[in-house]
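For reference, the chains in residue letters:
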Amino acid sequence: MIKLKSLTLKSKIIQSPMAGCTDLAFRLIARAHGMEFAFLEMISADALVRKTYKTFELMKSVESDRPLGAQLVGCNAQTMGEGAEILEGLGFDLIDINFGCPVPKIVSPGGGSAMLREPDKARDIFRAIIRKVKTVPVTVKMRKGYNDTSGDEAVRIAKIAEEEGLSAVTVHGRTRAQGYSGTADWEAIGKVKAALKIPVIGNGDVNSGGDALKLMAVSGCDGVMIGRGALGNPWIYKNIEGALNGAAAEKPANFEARKKVVLRHLELAIQTEGERLAYLKSKRMICWYFTHYPGSHEFRASVNRAGSLHEMRDLIHAYHLPPGTPEPDFMLAQ
Ligand SMILES: Cc1cc2nc3c(=O)[nH]c(=O)nc-3n(C[C@H](O)[C@H](O)[C@H](O)COP(=O)(O)O)c2cc1C
């Protein structure tokens, strides 16, 4: 269980925000497989305050898509405060602040992981948001550092977050400079945990129940956040939940069952995004489901060439494994 102000989560597993990935169709599939809490993709505070159409499209949800967090990115304290107020008014259950995004478009003006080197600005943002948000928890998600690999930058910002009244901190154990390369440093997450009283969620390279157990043992963190490990793999939630409760590892679905889920995911994408966007977004999504299987490279090439949603469906139906092919054993190691 994780208690964050007005929000009590039964599970210690949180689905991370991922731009271009954690859309409504993804979340509905994940929830059908046991995920409890998820985030939208990150939302630009500037665009939210200007009420752009695209931002409201990113916030699409339905009643069953709860509890749900929204994440704000930006570098102006006043705009971040106004954005947070809008998000609370829209009914999100938690508001997170993005201090981790490494992409130049966000970092150059001073947002995302650039905030790790700006403790005064970070404090202003926390303060502006806490002043505006009345009941829901406010959290921050950060990398362990910008260039500095020690984890000290994250400790410094996390302490400020705690002082300003935030409810939890998530730490991705990589620096901005690392991007997504190398491995996540779970000991740095432990440094942040040791310095704080509020809950710390550990993030980075958790791809199985075994990984979640190791991350919690190494860092002492209160919960785990999963990112890429859930792409095409909604079975990860039960796999990790089982490991945390001392049960045997839950196996991911076999090839044929997986095909049914990907077809359902595609239908949900069409329902929630419309045919044109679903066609553009789903090529990547379909391939995620089969990464570990023989023939996945050829399958990916054909899906990428597909000229219509109809053709994509046909390709999924027509993908077969040679008789006797064993199921891949990813996620099973504890
Ligand atoms: C395609 C993609 C988009 C992402 N978008 C966001 C985002 O919007 N906000 C955020 O805080 N992190 C974002 N992340 C980072 C992930 O939430 C997570 O911190 C990172 O992938 C490490 O966790 P993992 O090893 O479990 O994937 C993104 C990552 C990827 C791969």
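So what's going on with the site of the ligand? Which residues, and what values?
Around the ligand sit 17 residues, and of these Q71, K141, N203, D205 and R228 come closest. The separation between an oxygen atom of the ligand and a polar main-chain atom of M42 is 3.4 Å. A distance of 2.8 Å separates a nitrogen atom of the ligand from a polar side-chain atom of Q71. Split into classes, the residues belonging to the shell around the ligand amount to seven nonpolar, seven polar and three charged.

With reference to specific residues and values, describe the nonpolar core.
Core analysis: the biggest nonpolar cluster contains 93 residues, and I97, F99, F126, M142, V169 and I286 have the highest contact counts within it. The leading source of residues in this core is helix 11 (residues 255-273), at eight residues. Domain assignment of the residues forming this core places at least three in each of domain 1 (2-244) and domain 2 (255-318). Judged by nonpolar contacts, the second largest core, of 11 residues, contains I14, F39, A168 and M225.

I'd love a proper account of the domain arrangement of the chain, names of residues and values included.
Taken domain by domain, the chain comprises domain 1 (2-244) and domain 2 (255-318). Taken together, the contact between domain 1 and domain 2 spans 15 residues of the former and 12 residues of the latter. Overall, the association of domain 1 and domain 2 removes approximately 1,200 Å² of surface from exposure, summing both partners, and the carbon and sulfur fraction of that is 68%. The largest share of the area that domain 1 buries against domain 2 comes from I29, G232 and W235, three residues that together contribute 36% of it. One salt bridge connects E273 with K60, and the closest N-O pair in it is separated by 3.6 Å. Between the two partners, domain 1 and domain 2, sit three residue pairs in polar contact (both at pLDDT 80 or more).

A description of the pairing of strand 10 (residues 200-203) should follow, citing residues and the corresponding values.
Burial of strand 10 is two-sided: the residues V200 and G202 facing one way and the residues I201 and N203 facing the other way are all buried. The pairing of strand 9 (residues 168-175) with strand 10 spans four bridges and is classified as parallel. Within the sheet, the bridge partner assigned to T170 lies in strand 10 and is I201. At this point the chain moves from strand 9, through helix 8 (residues 186-195), to the parallel strand 10, and the crossover so formed is right-handed.

Before we move on, could you go through the side chain of E36 and cite the residues and values that matter?
Inspection of the secondary structure assignment puts E36 in the loop between helix 1 (24-32) and strand 4 (38-39). At 4.3 Å, K10 is the nearest oppositely charged side chain to E36, a buried residue that forms no salt bridge. Here the side chain of E36 touches S11 through a polar contact of 2.7 Å, landing on its backbone nitrogen. Contact partners of E36, with chain neighbours within four places excluded, come to T8, L9, K10, S11, R31, R66 and P67.

Cut-off values and rules
- Residues numbered from 1 in each chain as written.
- Predicted model: local features only at pLDDT ≥ 70, side-chain atom pairs only at ≥ 80, totals over all residues.
- Heavy atoms only, no water.
- Near = heavy atom within 4 Å.
- Polar contact = N/O pair within 3.5 Å; in protein donor to acceptor, adjacent residues only side chain to side chain.
- Nonpolar A, V, L, I, M, F, W, Y, C, P; charged D, E, K, R; others polar.
- Core = buried A, V, L, I, M, F, W, Y, C linked by side-chain atoms within 4.5 Å.
- Buried < 20%, exposed > 50% of the residue type's maximum accessible area, 1.4 Å probe, protein only.
- Helix = DSSP H or I, 4+ residues; strand = E, 2+ residues; numbered from the N terminus.
- Domains from an automatic or database assignment.
- Contact = heavy atoms within 4.5 Å.
- Buried area = accessible area lost by both parts, 1.4 Å probe.
- Salt bridge = Lys/Arg side-chain N within 4 Å of Asp/Glu carboxyl O.
- Pairing = 2+ DSSP bridges.
- Right-handed = clockwise from strand over helix to strand, strands pointing away.
- Lys, Arg positive; Asp, Glu negative; His and termini not counted.

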